[in-house]
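Single-letter residue listing:
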Amino acid sequence: MSADQFPLLFDGHNDLLLRLFKMEKGDVQHLFLDGCSTGHLDLPRMIKGGFGGGLFAIFIPPAKVKDTDSKGEEMSGPKYDLPLSPEIPVHEALPIVFAMIAILNRIERESKGRVKICVTAAEIRECFNSGVIAIVIHIEGAEAIDKEFNSLEVLYRAGLRSIGPVWSRPTQFGHGVPFRFPSTGDIGPGLTDSGKELVKVCNQLGVMIDVSHLNEAGFWDVAKISGAPLIATHSNAYALSRQSRNLTDRQLAAIGESNGLVGVNFATAFIRADGQMDADTDLDELLHHMDHLIEHVGIGGVGFGSDFDGATIPGKIGDVAGLVNMRQAMIAHGYDEKTMDMLCHGNWLRVLEQTFKA
Ligand code: ZN
C-alpha cells in the first residue's frame, strides 16, 4: 500500500532538529532534503510515509550530550531512574535555539517550495492541500525565554508558535517529570509565578502551551490559567503504562473539557506496561492507548505525537515511511474514514486554529 491511500498525517512531536544539530556539519539541510540512512526522518521518507507536517521541537541538549544520550539502554530493567541535568541559563540556551531555527530556515530556503515554516493554521491547511510539508516551530523546555519575555517576542517573529514550559529538567517556569519507571506525575510544585505569567503571555500572542513533560501540579496550573485548549503534544495513557510522562484519566478528561488534544507517542517506554524501550512492541499496544485516549478525551481530541528521532519506536513503524503500516493497522482495527481523517490531521488542525491568533 502507498501513502496516498490514507489521509496525510500531522504530527505533534519530533526531534529531527536535535539530530541534525548534533551532526555538527554546515550543510545538514541536504541530509534532510536528499535523504539519509540514519534516524527516523528526512524529506524523501516523509513523502513516502504521507507525513504532511508537524511540530518540530527545539531541545537544548545538556552540555555532555554524548555521554547522556543513551536512553534506550538506560530505560531497561524492571525499574529505572535517570538523573536529570541541571537548569540551563538563557544565555546558553539562546544560541542553540538560533542554530536550530537557522537549520529550519536553510531547509525551507533550499527545499524549492517543498517545505514551509507555518505560523497560522490557514498556512498549514494550504500546505496540506498543495503537497508541501508544513513545519511549526516548537521549543521543548523554555530555557531560552527570559523573565521579561524579550526573547519570546523575537522568537515569535522568527516563527515560534508552541512552547513546552519544561522538558523534564526544571526551568525558571516550572518542573518536569523524571525518566523513572514506575513513576507518577504527581511530584514537585506547580508553575512558578513566571511560569504562570508565561501562560498568560502565550495566550495573548496565540502561542500554544504544551503540557507534555510538566508535572501534575504544573498541568493543573495551566488548566486553571490558560484560556486555550489544553494540549499534550506527545503523551500516552497512564492507566496502561505507569509512566509520569503519561496522563491520568482525570487529566485526559480535563483536556477533553477544554476541547484540547493529546498526541499519541510512539516511544515504546510510554506504550508498554513494563516501561521498556524495546522496538519489539506490537502496534496493537499503541492502538490500545489510542482507544483509551479516545474514550477519555473524546474522538475530537486525539492525534499523533510520534517522538520520531527522539525515542525507540515499534519496529513495525521503524521510521516515518512506516506511517503507512501504522494507518493500515488503524483501519484494520476498525476506525472508519471520518475517524481516520480526524485522528490523522483533522483534530490537530482544528486545535491549532483555535490556539493561534491568525
Ligand atoms: Zn519529549
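**Quick look at the coordination of the zinc ion**
- For the zinc ion, the protein coordination sphere consists of E140 (OE), H213 (NE2) and H234 (NE2), at 2.1 to 2.2 Å.
- Each donor residue of the zinc ion lies on the same chain, and together they follow the pattern E-x72-H-x20-H. Of this pair, H213 sits in the loop between β8 (208-209) and α10 (216-225) while H234 sits in the loop between β9 (231-232) and α11 (249-257), placing them 21 residues apart in sequence. The same class applies to H213 and to H234, which are both buried.

**Observations concerning the pattern of salt bridges**
- Within the structure shown, the criterion is met by 9 salt bridges.
- Here R180 and D81 are joined by a salt bridge, their closest N and O atoms 3.1 Å apart. With R180 in strand β7 (residues 180-181) and D81 in strand β3 (residues 80-81), this residue pair connects regions lying 99 residues apart in the sequence.
- Each of D42, R45 and D319 takes part in salt bridges that share partners, so that together they form one network.

**Quick notes on helix α13 (residues 283-297)**
- Its 15 residues place the ends of α13 21 Å apart at the C-alpha level, agreeing with the 21 Å of an ideal helix rising 1.5 Å per residue.
- Within α13 the residues assigned to the buried category are L283, L286, L287, H289, M290, H292, L293, I294 and V297.
- Summarising the contacts, the buried residues of α13 are in contact with α11, β10 (261-264), α12 (268-271), β11 (302-304), α14 (323-333) and α15 (337-355).
- Of the residues flanking the start of α13, the one acting as N-cap is D282, its side-chain oxygen 3.2 Å from the backbone nitrogen of D284.

**Examining the packing of aromatic side chains**
- All chains considered together, the criterion is met by 10 aromatic pairs.
- Ring centres of F266 and F308 lie 5.6 Å apart, and the angle between their planes is 85 degrees; on these two criteria the pair is classed as edge-to-face. Placement of F266 in the loop between β10 and α12 and of F308 in the loop between β11 and α14 is noted, with a sequence separation of 42 residues between them. Like F266, the residue F308 is buried in the burial classification.

Cut-offs and rules
- Residues numbered from 1 in each chain as written.
- Predicted model: local features only at pLDDT ≥ 70, side-chain atom pairs only at ≥ 80, totals over all residues.
- Heavy atoms only, no water.
- Donors = N, O, S within 2.8 Å, 3.2 Å for Na, K, Ca; no water.
- Helix = DSSP H or I, 4+ residues; strand = E, 2+ residues; numbered from the N terminus.
- Buried < 20%, exposed > 50% of the residue type's maximum accessible area, 1.4 Å probe, protein only.
- Salt bridge = Lys/Arg side-chain N within 4 Å of Asp/Glu carboxyl O.
- Expected span 1.5 Å × (residues − 1).
- Contact = heavy atoms within 4.5 Å.
- Polar contact = N/O pair within 3.5 Å; in protein donor to acceptor, adjacent residues only side chain to side chain.
- Phe/Tyr/Trp six-rings, centres within 6.5 Å; stacked < 30°, edge-to-face > 60°.

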